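Structural features, examined
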Amino acid sequence: MSAEKERDMLCFFINGKKVTEKNADPETMLLSFLREKLRLTGTKSGCGGGGCGACTVMVSRYQPATKTIMHFSANACLLPLCSLQGAAVTTVEGVGSTKSRIHPVQERIAKAHGSQCGFCTPGMVMSMYTLLRNKPQPSMEDITQHLAGNLCRCTGYRPIIDGCRTFCQEENCCQANGAGDCCLNGDKNDDEAEREKPRLFNKEEFLPLDPTQELIFPPELILMSESASPQSLTFQGERMRWVSPSSLQELLQLKTRNPAAPLVMGNTNIGPDIKFKGTVHPLIISPTRVMELFEVTQTPQGVWVGAGCSLSELQSLLEKLLLQSPQEKTELFRALIQQLGNLGSQQIRNVASLGGNIMSAFPNSDLNPVLAAGSCRVSVISNGGRREVPLDQNFFVSFGKTILKPEEILLSVFIPFSRKGEFVRAFRQAPRKESSFSTVTTGMRVFFSEGSRVVQDVSIYYGGMGPTTVSASKTCQAIISRRWDEETLSRAYDVLLEELVLPPSAPGGKVEFRRALTLSFLFKFNLEVLQRLRDMNVITDEVPEKMQPLPKEIQPSLQEFQHVSKSQSEQDPVGRPMMHRSALSQATGEAVYCDDIPTTDGELFLALVTSSRAKARITGLDVSEALQLPGVVDVITVKDIPGKKVREMCGYEEELLAESEVSCVGQLLCAVLADTRAHARRGAAAVKVGYEDLPEPIFTTEEAIEKSSFYEPLRSIERGNVTEAFKTVDQIHEGEFRMGGQEHFYMETQSMLVVPVGEETEFNVYVSSQYLSFTQDAIAETLGIPSNRVTCHIKRIGGAFGGKVFKTAILACITSVAAWKTNRAVRCVLERGEDMLITGGRHPVLAKYKAGFMQDGRIMAVDIQYFMNAGNAVDESILVVEKILLHFDNAYNFPNLRGRAAACRTNLPSNTAFRGFGVPQALMVLENMINDVAMALRRPADQIREMNMYEGPSITHYKFAFSPENLRRCWQECKEKCEFSARRNAAQEFNLQHRWRKRGMAIVPVKFGVAFAESFLNQAAALVHIYKDGSVLVSHGGTEMGQGLHTKMQQVASRELHIPASKIYISETSTNTVPNTSPSGASYGTDANGMAVKDACQILYQRLEPIRKKNPKGSWESWVMAAFLDKISLSVTGFYRGPDLYMDWEKMEGQPYAYFTFGVCCCEVELDCLTGDYRTVRTDIVADIGKSVNPSMDIGQGLGLFTLEELKFSPAGLLYTRGPSQYKIPGVCDVPLHFNVYLLSNSDNPHAIYSSKGIGEPVLFLGSTAFFAIKDAVSAARSDSGLFGPFSLNSPATPERICLACNSPLTQKIPASKPGSFTPWALNI
Ligand SMILES: Cc1cc2nc3c(=O)[nH]c(=O)nc-3n(C[C@H](O)[C@H](O)[C@H](O)COP(=O)(O)OP(=O)(O)OC[C@H]3O[C@@H](n4cnc5c(N)ncnc54)[C@H](O)[C@@H]3O)c2cc1C
Ligand code: FES
Ligand code: FES
């Protein structure tokens, strides 16, 4: 029998080349095969679970039945190697290369500045490339849909969309150039001045898309498919066997004999289960070649769809039927299409099957409630025969279980046509609009007999309201046979409320919100049904409000910046929007990141074992079982560390590996070394740790305050006399604000490779760190060797945002111990889940504030207390505390101001540096306080902000003198550019017209201090070599992590050496070229390193002066050669001794910053008050960044922090949100529909290179404007409910918080659970 066959040869193609694999392991996914076996490292791994799109590839298959070739994008991380028989795979390397021909997609994303750290870029390229293969002139909607499953943490998507937009048919106009206006809108672009404006890129220079240039489908595969004699295929791995039967008969026999074996179709459920839950299936059945599973049959009653059809195929089929059938027959089809459009990502829908979705029986499946409400049924088959089973409430038995018997196979699904008088709708609400599982999802159907409003039949199903898809049958009973009117519906809401109850500690949390959503959806359904009945002249009632979807058309972005002066040489790139120097390598997948470095002989992989307890004594560590496993070589424990076993910070010690006690879940305990990643991870899972829990772990900030669990010192600062001032003010307002933490979610997880050189304890360390010298010193101390034996290198980092400093050094120390002990190269690359668990993030903050103000809006006294949840180690928390207090005045001149801040010690993983370093938290609290003052005075918040803003020569609360002139200019310009007054009036008008849809606007300033308050960090060095051929190699101490630092350094060197940038190369950052580096952070990288590069280049240029004078007409190359022959050194070290900054906390005064960067942002949102969903309609930013070195700057991604990203911890301190499925960073769907950025003109900055200003961190806070715009919209909704004045809305403003804050009559129906009477599912840390 075929199942007993030993193993077959797997045959498929990659990038036009045939691949045959005798030992295909069912556990191997295409991603690891590409990266580890074929060394095609362009395809990246960002999550391993289908949630980020970094691994996107194109799969092409020949369909013998239709003789067509099908191309679809897929996530290589979930694509089993064994499933690829007969397929042609295209990876980013197969699309184009800098050596031969760059593909237009690669070129356009790169040249439109859509690739910063570049880690997401190959995935973006592949999604877009696949779309173009299927549709060479896509619409904007196609583009946003196809990119919805591709996450980018750096660019904010705007430039990526701008680049991709140039392929749109409707784009044959100027608007894609970053200039904003479209020539189709009139003759505006004929205007000379308009055309003269500098642009970020020039689409005229783009290569045309030429489909004839693409790789052809391998003829051999066509022949293979046409002539294949059907026979089963078998592959055998280490632990699992894969059998792919070729006929239904064979499939049934296999399943009868192996009822527990799963059927793997798209592998989007089974795959993550194996990977993340460690499930082992001795046998996997892959029925993708069983034709009956893909059959589609239309009948007069509806359509039978094969269970094996992918969700994309189902969508296309339904769309086709929509066109062929009268509207009244396709109600259910349209509801399904709507759900399918938002289900998962394009990559997921392309592989996930209809049968798989049904059989996975996820409680929040988007299809099952609609299929059930739509009276669908399924046909199942087993050796015992066929039967039909209705898809109703009895079908879904429990979490992940249906009533089908284990040996039964779902053959097809019947989707009926709707009848006249039947309406079907689907609604869903998810944490992110796209590529996100629903919080609650529903399918609703009602049937009226002709011309009547009396309900003949009704069916309502919900997902997300329990362990299964649930039927609201009692609610249906309350509706059936009654008139569809206010009275019936109002009773239905009450019944629904009683029927769908969630316990207060229900898994998934959000209990009140989920219950509110059930009502909201029914309410929306009601409005739609009423509208339809009215349209059909069955009723004449006025429909309260027509439900429209939120707007979603993304418009071309606008960026305005100043031309460089006319006198500037053409070859001088400073001030011009030069493309990221590696963007093309990144877009072609050639760019090398740490884990792309080829493995060395005998290399080992290191996997970490972490604590599963928050506070416990370690009673035992049993590694014996792990050591028995295949491939496992050794286990590293604290006893193996030859040198220092701890890292010190601010007077506190942090153990590298816990020895006797653990103080958080995720603390590092030991590390397993093995020959492969899979073996190391299996080994780590087999280590047994004994614990004895210790009492009273502290998790929340409140608990820490109650127990005075703080890291010392606590800081405070005061200006004026706050206590006295409160006695003289007209009004006092007190409040509390909580801002959640944030995960860095750099796309490249923590990665390192330590290679022993083999003599004199010398090590080469390749590490994705933004502070190489710190890592170098830490490794040297851990190994007890001098720093000169450790050389740290990094070429580029796939994003860092502050998260690749402290924990990276600790991980590198452990990896180095392993390399030292085994004398072999050791690689450690964290999985996304491990990374999120271990490395901490932004500090959550709880703040209490008090504002004293006058009736006219002047705020005379402010008192704020900040408490940060710092976690189990101090890390950089004290420095964050200080930065909070140095910024909490933001842009305002409060005469009396007091701030106190403390870092709370808790039993959570320690938090660390994060872009903004506490400033976003500090400013959020303050701006929220100002909003409260405005609400208390019933005045617009912008008036209160403007009235209290610094003006004229100013001095901060720490006695730092500065001019706020440019801050004021940004404010005025922003108000003008965004037409603030007119739009606010329009928003108010809109709000009067709409009860359930509200618009909100906000304008918020930022003042951000640049440079390190720790003065010694304000230094930098550079090493510049000129080679005999005239090429120049620049090294400096900063790291390239997407911010374009290397590009800017290239620009600096080009200007100073008076040569084109193309002659300058930057290979890497390394501690043997530039020692004692400072971290790349504090928005100071360009300022410090730029000055060092400038210094070195100026010295070199001076050295060449005599030679230039001798031969003024000579070329650069001739001067360089002459200098060499004249024995002039062509290598120079440059150095920059930055400003001597300080802060005296005793005296509460200092000069901790070199200067301030200013910015102002205005944002408008539209809110769906029934679901908390919103869309950013327009964003305008005016930023003062001096004279920009490179105006293709980085703005975006601030949005996520304030509106989306939410960390959730269990009551035992375990982080639940350990991947993109649970933790949502912004996606393409979150881009503002209009996004305009203006760089303030005529701004100078004497304190930084070429009058520029640091920009990296300051703009982040501007994302908070979306939060305050949402709050404004919520306030409008509340006033319709008769609620006025300050109200609480914590950050991030998630749909849950927004919906509940709107306090509509529907949410008011939900009884609040009594705090303290239950254990919530998640902690409020
Ligand atoms: C990143 C991501 C995002 C997602 N987002 C959403 C979302 O927003 N909404 C949503 O509803 N879902 C979502 N999903 C879930 C996804 O839709 C399901 O995992 C998918 O439909 C399952 O189909 P599959 O073919 O991949 O199943 P597989 O993983 O191949 O199999 C799943 C299960 O179904 C069984 N099975 C499959 N076919 C049959 C059959 N014919 N007969 C009997 N048993 C069968 C298998 O035995 C197995 O137990 C998401 C998944 C991922 C990974
Ligand atoms: S790595 Fe495959 S989707 Fe993230
Ligand atoms: S450029 Fe997209 S993640 Fe960095």
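See the structure shown above.
Thresholds, definitions, all that
- Residues numbered from 1 in each chain as written.
- Chains lettered and ligands numbered in written order.
- Predicted model: local features only at pLDDT ≥ 70, side-chain atom pairs only at ≥ 80, totals over all residues.
- Heavy atoms only, no water.
- Patch = residues over 30% accessible without salt bridge, like charges linked within 9 Å, V, L, I, M, F, W, Y side chains within 5 Å.
- Areas by Shrake-Rupley, 256 points an atom, 1.4 Å probe, with all protein chains shown as cover.
- Salt bridge = Lys/Arg side-chain N within 4 Å of Asp/Glu carboxyl O.
- Helix = DSSP H or I, 4+ residues; strand = E, 2+ residues; numbered from the N terminus.
- Pairing = 2+ DSSP bridges.
- Axes fitted to C-alpha atoms, helices over the stretch in contact; angles between N-to-C directions.
- Buried < 20%, exposed > 50% of the residue type's maximum accessible area, 1.4 Å probe, protein only.
- Contact = heavy atoms within 4.5 Å.
- Core = buried A, V, L, I, M, F, W, Y, C linked by side-chain atoms within 4.5 Å.
- 1 Å grid on protein atoms, 1.4 Å probe; cavity = no way out; pocket = protein on both sides within 12 Å on 5 of 7 lines; lining within 4 Å.
- Points joined across faces, edges and corners; volume = space filled by probe spheres on them.
- Nonpolar A, V, L, I, M, F, W, Y, C, P; charged D, E, K, R; others polar.
- Phe/Tyr/Trp six-rings, centres within 6.5 Å; stacked < 30°, edge-to-face > 60°.
- Lys NZ or Arg CZ within 6 Å of the ring centre and 35° of its normal.
- Near = heavy atom within 4 Å.
- Polar contact = N/O pair within 3.5 Å; in protein donor to acceptor, adjacent residues only side chain to side chain.

**So, a nonpolar patch on the surface**
Together, Met1121, Phe1124 and Leu1125 make up a nonpolar patch on the protein surface, roughly 290 Å² of accessible area in all. Among the secondary structure elements, Phe1124 is positioned in helix H35 (residues 1116-1125).

**Some details on the sheet that holds strand E40 (residues 997-1010)**
Strand order in this open sheet of five strands is E20-E50-E49-E48-E40, and the pairing throughout is mixed. Lying at the two open borders of the sheet, with one neighbouring strand each, are strand E20 (558-560) and E40. Strand-to-strand twist across the sheet, computed as the mean angle between neighbouring axes with direction ignored, equals 15 degrees. Pairing of strand E49 (residues 1173-1184) with strand E50 (residues 1234-1239) involves six bridges; the strand directions are parallel. Paired with Thr1179 across the strands is Phe1235, a residue of E50.

**Some details on unusual backbone geometry**
The amide bond that connects Glu712 to the next residue, Pro713, takes the cis arrangement and shows omega of -5 degrees. Structurally, Pro713 can be placed in strand E29 (residues 710-719). Here Ser1291 and Pro1292 are connected by a cis peptide whose omega angle stands at 5 degrees. With respect to the secondary-structure elements, Pro1292 resides in the loop between helix H37 (1264-1280) and helix H38 (1295-1302). Despite not being glycine, His1058 has its phi angle at roughly 60 degrees, a positive value. Position of His1058 among the secondary structure elements: in the loop between helix H32 (1045-1057) and strand E43 (1064-1065). Under the relative-accessibility criterion, His1058 is labelled partly exposed at 48%.

**Description of the sheet that holds strand E5 (residues 88-90)**
Strand order across the open sheet formed by five strands is E2-E1-E5-E3-E4, with mixed pairing between neighbours. Taken across any chain shown, the strands that pair with only one partner, and hence form the sheet edges, are strand E2 (17-21) and strand E4 (68-75). Within this sheet the neighbouring strands show an average axis-to-axis angle of 30 degrees, counted without direction. Two strands pair when backbone bridges link them, and strand E1 (residues 10-14) and E2 are joined in this way by five bridges, in the antiparallel orientation. Looking across to E2, one finds that Phe12 is bridged to Val19.

**Observations concerning H38**
For H38, a buried count of six out of eight residues is recorded, marking the element as mostly surrounded by other parts of the structure. For H38, every residue scored as buried is listed here: Pro1295, Glu1296, Ile1298, Cys1299, Ala1301 and Cys1302. Where H38 is buried, its residues meet strand E16 (422-429), helix H18 (511-535), strand E48 (1155-1168), E49, H37 and helix H39 (1305-1308). Two residues or fewer past H38, Asn1303 is found with a positive phi of approximately 50 degrees.

**Some details on the nonpolar core**
Grouped together as the largest cluster of nonpolar side chains are 204 residues, with contacts concentrated most on Leu608 and Tyr866. Ranked by the residues each element gives to this core, the list is headed by helix H28 (residues 919-937), at twelve residues. Among the nonpolar cores identified, the runner-up in size contains 84 residues, and Leu40, Ala76, Leu410 and Ala426 belong to it.

**Regarding empty space enclosed by the protein**
Using the criterion set out here, one finds eleven cavities of 30 Å³ or more in the structure. There is about 130 Å³ of room inside the second largest cavity. Taken together, 15 residues form the lining of the second largest cavity, with Gly840, Gly841, Asn911, Leu1207 and Phe1209 sitting closest to its centre. Its residues placed into classes, the lining of the second largest cavity shows nine nonpolar, four polar and two charged.

**Notes on the pattern of salt bridges**
Here the structure, examined in full by the defined rule, presents 83 salt bridges. The residue Arg898 makes a salt bridge to Asp863 at a minimum N-O spacing of 3.0 Å. Residue Arg898 is located in strand E37 (residues 896-905), and its partner Asp863 is located in strand E36 (residues 859-871); the two are separated by 35 residues in the primary sequence. Asp863 sits in the buried class, given a relative accessible area of 10%.

**Let's talk about the packing of aromatic side chains**
Counting across every chain of the model gives 30 aromatic pairs. Relative to Phe1158, the ring of Phe1156 has its centre 6.4 Å away and its plane inclined at 45 degrees; by these criteria the two rings are tilted. We classify Phe1158 as buried; its relative accessible area is 5%. Counting every residue linked through ring pairs, the aromatic cluster contains Tyr950, Tyr958, Phe960, Phe962, Phe1156 and Phe1158. Arg419 extends its terminal NZ or CZ atom over the ring of Phe447, reaching a point 3.8 Å from the ring centre. Cation over ring: Arg1108 sits above Tyr1101, and NZ or CZ is 3.5 Å from the ring centre.

**Examining the pairing of E1**
Residues in a regular strand point their side chains to alternate faces of the sheet. Along E1, five of the five residues are buried, which leaves the element largely enclosed by surrounding structure. Both faces of E1 are covered, namely the face carrying Leu10, Phe12 and Ile14 and the face carrying Cys11 and Phe13. Where E1 folds back on E2, the antiparallel hairpin that results is connected by two residues, among which Asn15 adopts a positive phi of roughly 50 degrees. As paired elements, E1 and E5 share two bridges and run parallel to each other. If you follow Ile14 over to E5, its bridge partner there is Val89.

**Let's talk about the site of ligand 1**
Close to ligand 1 lie 30 residues; Met265, Gly266, Thr268, Ser353 and Asp366 are nearest. One nitrogen or oxygen atom from the side chain of Asn357 is found 3.0 Å from an oxygen atom belonging to ligand 1. Measuring from an oxygen atom of ligand 1, one finds a side-chain N or O atom of Arg428 at 3.2 Å. Protein contact buries 93% of the 970 Å² of open area that ligand 1 shows by itself.

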